[in-house]
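Spelled out, the chains give:
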Amino acid sequence: NAGVMQNPRHLVRRRGQEARLRCSPMKGHSHVYWYRQLPEEGLKFMVYLQKENIIDESGMPKERFSAEFPKEGPSILRIQQVVRGDSAAYFCASSLTTGTSTDTQYFGPGTRLTVL
Amino acid sequence: GESVGLHLPTLSVQEGDNSIINCAYSNSASDYFIWYKQESGKGPQFIIDIRSNMDKRQGQRVTVLLNKTVKHLSLQIAATQPGDSAVYFCAENRNTGGFKTIFGAGTRLFVKA
């Protein structure tokens, strides 16, 4: 009965490289959410996806960031040409039902990205 | 702008005492609120939720109170234990075509033995 899984747990990249963060939702969950958290701050919504569809990407930076949730396989948050300001913890959450307001989101352990 | 915020950034309580963590929200259209607990190095963990048609909900040692008149949410933890030490976030779900969860800044709870 695995929960939300994220890998890698820690990722170090140099400026200009690409970062790929993976998220496997809980079994049976078809809704995935990505959040970003800076130290001592709350989580900031980035994007909400269902299988093969982006539902709400209003929190995603316009450039360098993209997300996908393919029919098969994990959801991927991709950051191109990383900069130091991208250093943060990135959390994925998943939910079960049809995207109603009362869906409970279950969070993964996060990926801590450090950009050197 | 619209936000979910917290009154106190840190709270220190004695083991065995009750804890109260407060939260203010500004979007009167939000209809679902959640409290999460985040321990160091981990993802947020669901604690308890409440719909806007309720004003109180109880769980195991936790109670959430919702006052829609003043847009205030609180989390009460009874008989606080060292394992309760963590950062607590209130969050609201807003209908944006999907349902975006907006988190507050968090309150760090310290439990003194």
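The model shown is predicted, which means the values in this text are computed figures rather than measured ones. (Residues numbered from 1 in each chain as written. Chains lettered and ligands numbered in written order. Predicted model: local features only at pLDDT ≥ 70, side-chain atom pairs only at ≥ 80, totals over all residues. Heavy atoms only, no water.)

(A) Quick peek at the layout of surface pockets. Counted as a void, the largest pocket has a volume near 470 Å³. What lines the largest pocket is a set of 25 residues, among which A:Gln37, A:Glu40, B:Gln38, B:Val87 and B:Arg108 lie closest to the centre. Taken together, the elements giving at least two residues each to the lining of the largest pocket come down to β9 (88-95) of chain A together with β9 (86-95) and β11 (107-112) of chain B. Of the residues assigned to the lining of the largest pocket, the class counts are 10 nonpolar, nine polar and six charged. Roughly 180 Å³ of volume is contained in the second largest pocket. As for the second largest pocket, its lining consists of B:Lys37, B:Gln45, B:Phe46, B:Ile47, B:Gly59, B:Gln60, B:Arg61, B:Val62, B:Ile77, B:Asp84 and B:Tyr88. Among the elements that line the lining of the second largest pocket, the one with the most residues is strand β5 (residues 45-51) of chain B, at three residues. (1 Å grid on protein atoms, 1.4 Å probe; cavity = no way out; pocket = protein on both sides within 12 Å on 5 of 7 lines; lining within 4 Å. Points joined across faces, edges and corners; volume = space filled by probe spheres on them. Helix = DSSP H or I, 4+ residues; strand = E, 2+ residues; numbered from the N terminus. Nonpolar A, V, L, I, M, F, W, Y, C, P; charged D, E, K, R; others polar.)

(B) Representation of the packing of aromatic side chains within the structure. The full count for this structure, using the stated rule, is 10 aromatic pairs over all chains. Where A:Phe107 meets B:Tyr36, the ring centres are 5.3 Å apart and the plane angle is 85°; that geometry is what we call edge-to-face. Within this pair, whereas A:Phe107 is found in strand β10 (residues 106-107), its partner B:Tyr36 is found in strand β4 (residues 32-38), the two belonging to separate chains. Grouping residues by exposure puts A:Phe107 and B:Tyr36 together as buried. When the ring of B:Phe89 is compared with that of B:Phe103, the centres are 6.1 Å apart and the planes differ by 80°; the resulting orientation is edge-to-face. With a gap of 14 residues between them, B:Phe89 in strand β9 and B:Phe103 in strand β10 (residues 99-103) connect regions that are remote in the sequence. The class of B:Phe89 is buried, set by a relative accessible area of 1%. Judged by relative accessible area, which is 8%, B:Phe103 ranks as buried. By the ring-pair criterion, three or more aromatic residues cluster together here, those being A:Tyr35, A:Phe45, A:Phe107, B:Tyr36, B:Phe46, B:Phe89 and B:Phe103. (Phe/Tyr/Trp six-rings, centres within 6.5 Å; stacked < 30°, edge-to-face > 60°. Buried < 20%, exposed > 50% of the residue type's maximum accessible area, 1.4 Å probe, protein only.)

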